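Observations on the three-dimensional arrangement
So you can see what is in the structure, the chains are spelled out below.
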Amino acid sequence: MSTFYSSGQSVIGLFLLISYIKFVSTTTTTMVIEKETRIREVMKIMGLSNFTLLCSWCLTTAVLATPLAFVIAAELKYGQVFPMTEFATLVFLFWALSMAIVSFSYFITPFFNKSRAASIASVLLWLVLFFPFFSVMSKTNSSKYLGALAPPTAFALGIDDLLRHAELGRGMAYAIGMVESPVTVPTAFAMSWFLLLDSVILVALGWYFDNVLPQEFGVRKPWNFLFVKDYWLPSSPSADDKAVMMESPSSPAEIVSPQTNYAFASPRGMRLRHQVSSDGSIVMLKDKTGLVASVEPVNAALAAQEQKGTCLQIQGLRKEFSGDDGEVNVAVQGLNLTLYAGQISALLGHNGAGKTTTISMLTGLIPPTSGDATLYGRSVQHDFNELRQIMGICPQHDVLFNELTVEEHLRLFGTMKNVPLAKLDEEVERMIREVGLVEKRKVISKKLSGGQKRKLSVALAFMGDSKLVFLDEPTSGMDPYSRRFTWNLLQRNRDDRVIVLTTHFMDEADILGDRIAIMADGQLCCVGGSLFLKNRYGAGYNLTMIKGPNCDVEAVGAFLRNFVPAAKCLSNFGSEVVFQLPSSSSGVFSTMLQVLDDEMHHLRIAQYGVSVTTLEEVFLRIAHDREEEAAMGNCGVEAVDQIRKTSATSANSTAPSGISTVKTNRATMWDQYSALLMKRFRIAKRDKKSLLNAVCIPLLFLIILVSLPEIDVASFMT
């Protein structure tokens, strides 16, 4: 039956490779899905290191591939396919093949952002790497060793060695054959070591390309970063880098805040003229007539946070994107903003205002073009890995593992955030109660409703006593009761935390926002409390009336102008008419409303009500002002940049000193790996279809191979 081995010499290796093809596509797809769904980036933001993530894949594969390698080796040896080959050699060869597959998947992952494309490309490339086997099969061993740098070729060369030994028969015939016709090709054992060498090379290349290739998320390194001294010997940022990037005033004559007596200065040293209202509560920063931005000054307690460094200080943050036509689009233009601990800071703006881009820069999803942000003396640019240890994020779209339960999610991320194991159960239980998912604790995330998934995402953000929490539209998809429940959760957990909230619900920002920052076209328009913004941008009061039959709106307007000359009709639709009354006229409201009560019958007014300006009206007013500015069309880009460049931070006349620090102990690699191992074990156990395919397809191919009558090596002896 030697004809089978001789004729199958060039295809049996390919046959066995195809039996493993499911591993290639599944492993690559799983790795790319973690990128595609942003799960990997969220885990990294929560404190997971790249090294731990890589080790979790390699070590998990090494553990899971061992029993499969034993089963396949037993099938081949005792199924009379390779009876004279050492059992350990077969185990080592197929175990090394599994390691090479996961390394190959890791290598190819940086080149793809879509799992479907990666799955197809990985299979095709894996098969292409088998073709060098045909070109080196008849050449010298040195050429074969060179070809073995391709993992499929190394495996095929190992199988080729096994086939040549099988051709010699067994027993006495095998011994005679080894003397008369010794096998001189590279051994299967040597090719197993080559597979491990290929694995190391592929992992190193994958790690390098993951750092330098443009990715959808994450900060890209320059191509030569390995040759830069700072990469191997990072230097600590200087005190100047740690300080708030605001120039100190040159003289005591600088304009100061009426509440804090701290001088304000622009990032470029340009003094900003301040206009103070009569009650001393409003500070308006103005560079040019007609274009004004407002910042509410802070009290001494909040200003002290700037001195201690316990607030998030954003300085000159800027992000530029290159368009297809080569034009540079500025998404965020020199943002200067301070977000204080113990407060919920709401970040508002229209679609495309730069909110998501700002949060993406602060969380490390994209690198800033220029500028920086500091918290506890740590810089986003220089110390981001340390900041990640105290950072939590609730993304705009839920980033969850479909096959993990609520409780398992919290345990996984709690371990990544270095929650002590002795307190982990208590912390998980507390967060489950906080978000109201007690009855859903054992339910996998894909079976949760949209609102319940948002609750789980919020819980993950607060897990591990995160000091800096980003909540990107956390209540989207929730019913009114769940929204109120979440609001209470945020207010209870804001102490000693910097919480950044983005939302499109104006009532949510009004209720939760201790300070509200409004952005438009990548620039900061105003910052302050809800009342401050309403006083600054609001138009006063709205008097809403329900008209009766034959109501004369002009007569009603004339009546109101007898008391409030500046009253004007905002809208008159159907049975409702709305008049706008300025805030300065509030003193005559009592008299006007008393007379209105007496004249309602004559004016044919059925009902009326008075309301103050809402935050939504403030938002629309700012958007309208921005449209008017854009319509001016007589300012260049640099001029507009100077006009709108304002600071939402207060700076002392001296540089901050005594920066507070927070201990950021990183969870050990073993703790993080154990958590990831349990996560993958639970997902694999519940995804029975993929597990069945991964195990049964290779065994099915081998059973077919063994069942072929041509392989009856025993008959060769007779």
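So, here's what we can say about the structure. Note that this is a predicted model, so its numbers are computed, not measured. (Residues numbered from 1 in each chain as written. Predicted model: local features only at pLDDT ≥ 70, side-chain atom pairs only at ≥ 80, totals over all residues. Heavy atoms only, no water.)

With that out of the way, let us pick up the pairing of strand 10 (residues 468-472). In terms of burial, strand 10 is largely enclosed, as 5 of its 5 residues are buried. Two strands pair when backbone bridges link them, and strand 9 (residues 391-394) and strand 10 are joined in this way by 4 bridges, in the parallel orientation. Note on strand 10: the bridge partner recorded for glycine 392 is valine 469. Pairing geometry for strand 10 and strand 11 (residues 498-502), over 5 bridges, is parallel. Its bridge partner being in strand 11, leucine 468 is matched across the sheet by valine 498. Crossover strand 10 to strand 11 through helix 21 (residues 480-492) is right-handed. (Buried < 20%, exposed > 50% of the residue type's maximum accessible area, 1.4 Å probe, protein only. Helix = DSSP H or I, 4+ residues; strand = E, 2+ residues; numbered from the N terminus. Pairing = 2+ DSSP bridges. Right-handed = clockwise from strand over helix to strand, strands pointing away.)

Take the pattern of salt bridges next. Within the structure shown, the criterion is met by 23 salt bridges. The partner of arginine 441 in a salt bridge is glutamate 407, and the shortest N-O contact between them spans 3.7 Å. Of this pair, arginine 441 sits in the loop between helix 19 (421-435) and helix 20 (450-462) while glutamate 407 is found in helix 18 (residues 406-416), placing the two residues 34 residues apart along the sequence. Given a relative accessible area of 10%, glutamate 407 falls into the buried group. Two residues, arginine 682 and glutamate 408, come together in a salt bridge whose shortest N-O distance is 3.4 Å. In this pair, arginine 682 sits in helix 28 (residues 669-686) while glutamate 408 sits in helix 18, placing the two residues 274 residues apart along the sequence. Among the charged side chains, a salt-bridge network with shared partners connects Glu407, Arg411, Asp425, Glu429, Arg433, Arg441 and Lys442. (Salt bridge = Lys/Arg side-chain N within 4 Å of Asp/Glu carboxyl O.)

A few words now on empty space enclosed by the protein. Overall, the coordinates contain 11 cavities of 30 Å³ or more when judged by the stated rule. Lining the largest cavity are Met31, Glu34, Arg40, Asn50, Leu53, Leu54, Trp57, Tyr106, Thr109, Trp207 and Asp210. Here the lining of the largest cavity takes 4 residues from helix 5 (residues 50-78), the largest share from any one element. When its residues are assigned to classes, the lining of the largest cavity shows 6 nonpolar, 2 polar and 3 charged. (1 Å grid on protein atoms, 1.4 Å probe; cavity = no way out; pocket = protein on both sides within 12 Å on 5 of 7 lines; lining within 4 Å. Points joined across faces, edges and corners; volume = space filled by probe spheres on them. Nonpolar A, V, L, I, M, F, W, Y, C, P; charged D, E, K, R; others polar.)

Tracing the chain through its elements places arginine 454 in helix 20. Within the local environment of arginine 454, its side chain forms a polar contact with the side chain of aspartate 398, the two groups lying 2.8 Å apart. Leaving out residues up to four positions away in the same chain, arginine 454 has contacts with Cys394, Pro395, Gln396, His397, Asp398, Asp472, Glu473, Pro474, Ser476 and Met478. (Polar contact = N/O pair within 3.5 Å; in protein donor to acceptor, adjacent residues only side chain to side chain. Contact = heavy atoms within 4.5 Å.)

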